[in-house]
Amino acid sequence: MLFRSPLYLGKDTHLLSRPAERTALEVLAANGVETILQEKDGFTPTPVISRSILAWNARTLPLSAEWWNFPGYAPLSGITAFTEHLLITYPLASPIIWATHNPVLAYNLLIVVSFPLNGVAMWALGYELTGSGMAAFIAGLAFAFSPFQAEHLAHLQMLMAWGMPVALMGAHRYSRDGRASGAGWFALGWMGVEFSNAYMLVFFPILLGIGACWLVRRDNVGRAATLAGVAGLATLPIVPLLLGYHARQAAYGLTRSYQEILLLSADIRGLVGISHRNVLWKPWLLGQQYEGSLFPGLTISLLSVVGVVSGLRDRATRPVVGFYACAVVMLWTLTLGPEPHWGATRLLGHGPYSLILHIPGGQAIRVPARAWLPATIGLAVCAAVGAQWLQIG
């Protein structure tokens, strides 16, 4: 095969990445292939890959035969299915790239925009539930700037999380008064979730299921069934993408190892754990790998406790607060992975997350700790209720 342009070769932080890079370089050099490496023999940062994906999405038609063949791992085909598709960013990123031919600018603008998008979406949910602009503002801040989100600044697909609060806002509105706008917002939010990343495609429906079990009553079961139908229709656009991923990953026999899933599960102590990047709390809290750093922040924690205590005492807020508090606890148990552990000590041989491994696609989810992202919505709601109680009291 004749290569007419340089080949870009990157490596990850995994243990075998460096020897694999060495072997690849020897083969490429022996065949006279010009190769470009990361500066100073460093690891290839995630944003570099993300910017390449944004540029590829803008240059090719999504889901076309050409789109599936992202220019990587030559001469293999179907490489788009090896990583994130980032199609949630397409309506914003592609026009910027078309106009400026600058994927770096598009990437940077998406990072900046993701925070207000998440904040406004969470504000809408908070206002729907409390009717208080101040409480909704607290909810927006708590979600958009949660410490867990800050740990994922390099993961654009995690930052674009506005779909979850929008879907919940629409679900609450439709369940309350049956307005079509509520169902519409729910559909829009759900489509935002399904095109963001595979993790939320698994974890967010669990949150919705908890809500259905907690809040659906005999007098609104019909509206709940309608929302389920809306979700089914809104899922249809993602089906070709899921089938494409499945077919190509199955052809290569790609799957996540059980040990990798264990490694990227959160420790029970993760609730008071922070990564090495968190300078403020480093002297007082436990150091954890960044995926398992679940510390929600002191202010959010205190407001959430106030919200749960005051909300459960009030008959009007008890169902909603009970639902979100329960969801936080249940999603936290999923972050612990299939074998919950305290440090090096395994406490359970099979945790609740083990059930996910038995559903279609469950084995492809390698980071159980990311179940904490939808849990931060529950914390934000509880914090909003707590702020409202303090304001009134």
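The sections below set out a description of the structure shown in this document. (Residues numbered from 1 in each chain as written. Predicted model: local features only at pLDDT ≥ 70, side-chain atom pairs only at ≥ 80, totals over all residues. Heavy atoms only, no water.)

Digging into the overall build of the protein chain
Turning to step 1, where the next piece is worked out: Each helix and strand counted, the protein chain has 16 helices and six strands in total.
Turning to step 2, where the next piece is worked out: With the principal axes as the frame, the protein chain shows a C-alpha extent of 75 × 50 × 40 Å.
Turning to step 3, where the next piece is worked out: Considering the protein chain as a whole, with its 393 residues, one finds that 48% of them fall into the buried category.
Turning to step 4, where the next piece is worked out: Just so you have it, the protein chain exposes about 19600 Å², and 67% of that area is on carbon and sulfur atoms. (Helix = DSSP H or I, 4+ residues; strand = E, 2+ residues; numbered from the N terminus. Buried < 20%, exposed > 50% of the residue type's maximum accessible area, 1.4 Å probe, protein only. Areas by Shrake-Rupley, 256 points an atom, 1.4 Å probe, with all protein chains shown as cover.)

Details of the packing of aromatic side chains
Turning to step 1, where the next piece is worked out: Throughout the structure, instances matching the rule amount to twelve aromatic pairs.
Turning to step 2, where the next piece is worked out: For the pair Trp190 and Phe204, a centre-to-centre distance of 6.2 Å together with 25 degrees between the ring planes defines the contact as stacked. In this pair, Trp190 sits in helix α9 (residues 180-194) while Phe204 sits in helix α10 (residues 198-215), placing the two residues 14 residues apart along the sequence. Each member of the pair, Trp190 as well as Phe204, carries the same accessibility label: buried.
Turning to step 3, where the next piece is worked out: It is Lys11 that lies over the ring of Phe43; its NZ or CZ is 5.8 Å from the centre.
Turning to step 4, where the next piece is worked out: Note that Arg51 overlies the ring of Tyr107, its terminal NZ or CZ placed 5.6 Å from the centroid. (Phe/Tyr/Trp six-rings, centres within 6.5 Å; stacked < 30°, edge-to-face > 60°. Lys NZ or Arg CZ within 6 Å of the ring centre and 35° of its normal.)

Quick look at the environment of Leu302
Turning to step 1, where the next piece is worked out: Within the secondary structure, Leu302 sits in helix α14 (residues 298-313).
Turning to step 2, where the next piece is worked out: C-alpha of Leu302 to C-alpha of Tyr199: the two residues are 103 residues apart in sequence and 28 Å apart in space.

Remarks on α10
Turning to step 1, where the next piece is worked out: In a regular helix each residue adds 1.5 Å, so 18 residues correspond to 26 Å; α10 covers 26 Å between its end C-alpha atoms and thus fits that length.
Turning to step 2, where the next piece is worked out: Here the buried face of α10 lies against α8 (163-177), α9, α15 (318-335) and α16 (372-392).
Turning to step 3, where the next piece is worked out: Regarding α10, its N-cap is Asn197, as a side-chain oxygen of that residue lies 3.0 Å from the backbone nitrogen of Tyr199 further along. (Expected span 1.5 Å × (residues − 1). Contact = heavy atoms within 4.5 Å. Polar contact = N/O pair within 3.5 Å; in protein donor to acceptor, adjacent residues only side chain to side chain.)

Concerning a nonpolar patch on the surface
Turning to step 1, where the next piece is worked out: Where nonpolar side chains cluster on the molecular surface, the patch consists of Trp123, Tyr127, Phe137, Leu141 and Phe145 and spans about 520 Å² of accessible area.
Turning to step 2, where the next piece is worked out: When contributions to the nonpolar patch are tallied by element, the ones reaching two or more residues are α4 (103-130) and α5 (133-144).
Turning to step 3, where the next piece is worked out: Residue position: Phe145 is located in the loop between α5 and α6 (147-150). (Patch = residues over 30% accessible without salt bridge, like charges linked within 9 Å, V, L, I, M, F, W, Y side chains within 5 Å. Salt bridge = Lys/Arg side-chain N within 4 Å of Asp/Glu carboxyl O.)

Focus on the side chain of Ser114
Turning to step 1, where the next piece is worked out: Within the element layout of this structure, Ser114 appears in helix α4.
Turning to step 2, where the next piece is worked out: With sequence-adjacent residues up to four places away left out, Ser114 is seen in contact with Leu159 and Met160.

Points about helix α2 (residues 46-59)
Turning to step 1, where the next piece is worked out: Over its 14 residues, α2 extends 20 Å from the first C-alpha to the last, a length consistent with the 20 Å expected when each residue adds 1.5 Å.
Turning to step 2, where the next piece is worked out: Listing the buried residues of α2 in full gives Pro47, Ser50, Ile53, Leu54, Ala55, Trp56, Asn57 and Ala58.
Turning to step 3, where the next piece is worked out: Where α2 is buried, its residues touch α3 (90-100), α4 and α7 (156-159).

What about the pattern of salt bridges?
In a structure, side chains of opposite charge can pair up when their charged atoms sit close to one another.
Turning to step 1, where the next piece is worked out: This structure, assessed with the given rule, holds twelve salt bridges.
Turning to step 2, where the next piece is worked out: For the salt bridge of Glu26 with Arg22, the shortest nitrogen-to-oxygen distance reads 3.6 Å. In this pair, Glu26 and Arg22 both sit in helix α1 (residues 17-30), four residues apart, roughly one turn of the helix.
Turning to step 3, where the next piece is worked out: When its relative accessible area of 57% is taken as the criterion, Arg22 is described as exposed.
Turning to step 4, where the next piece is worked out: Between Arg346 and Glu339 there is a salt bridge, and its shortest N-O distance comes to 3.3 Å.
Turning to step 5, where the next piece is worked out: Given a relative accessible area of 16%, Glu339 falls into the buried group.
Turning to step 6, where the next piece is worked out: Bridged by salt links that share partners, the residues Glu128, Arg173, Arg176, Asp177 and Arg179 form one connected network.

Re the environment of Gly362
Turning to step 1, where the next piece is worked out: Locating Gly362 in the fold gives a position in the loop between β6 (345-346) and α16.
Turning to step 2, where the next piece is worked out: Gly362 has contacts with Tyr353, Ile356 and Leu357, leaving out every residue within four places of it along the chain.

Some words on unusual backbone geometry
Turning to step 1, where the next piece is worked out: Of note, Leu63 is a non-glycine position whose phi angle comes to about 75 degrees, a positive value.
Turning to step 2, where the next piece is worked out: Mapped onto the elements, Leu63 comes out in the loop between α2 and α3.
Turning to step 3, where the next piece is worked out: On the accessibility criterion, Leu63 (36% relative accessible area) is partly exposed.
Turning to step 4, where the next piece is worked out: Its identity as a non-glycine residue notwithstanding, His101 has a phi of 55 degrees, on the positive side.
Turning to step 5, where the next piece is worked out: Here His101 shows up in the loop between α3 and α4.

Section: the packing of α8 against α9
Turning to step 1, where the next piece is worked out: As a packed pair, α8 and α9 sit with axes 7 Å apart at the nearest point and diverge in direction by 155 degrees. As the angle between them shows, α8 and α9 are arranged roughly antiparallel. Crossing hand, α8 versus α9: left-handed. On α9, the residues touching Gly163, Met164, Val166, Ala167, Met169, Gly170, Ala171, Arg173 and Tyr174 of α8 are Ser181, Gly182, Ala183, Trp185, Phe186, Gly189, Trp190, Gly192 and Val193.
Turning to step 2, where the next piece is worked out: Counted by class, the contact of α8 with α9 contains eleven nonpolar, six polar and one charged residues. (Axes fitted to C-alpha atoms, helices over the stretch in contact; angles between N-to-C directions. Parallel < 35°, antiparallel > 145°, perpendicular 65-115°, else oblique. Left-handed = near helix turned anticlockwise from the far one by under 90°. Nonpolar A, V, L, I, M, F, W, Y, C, P; charged D, E, K, R; others polar.)

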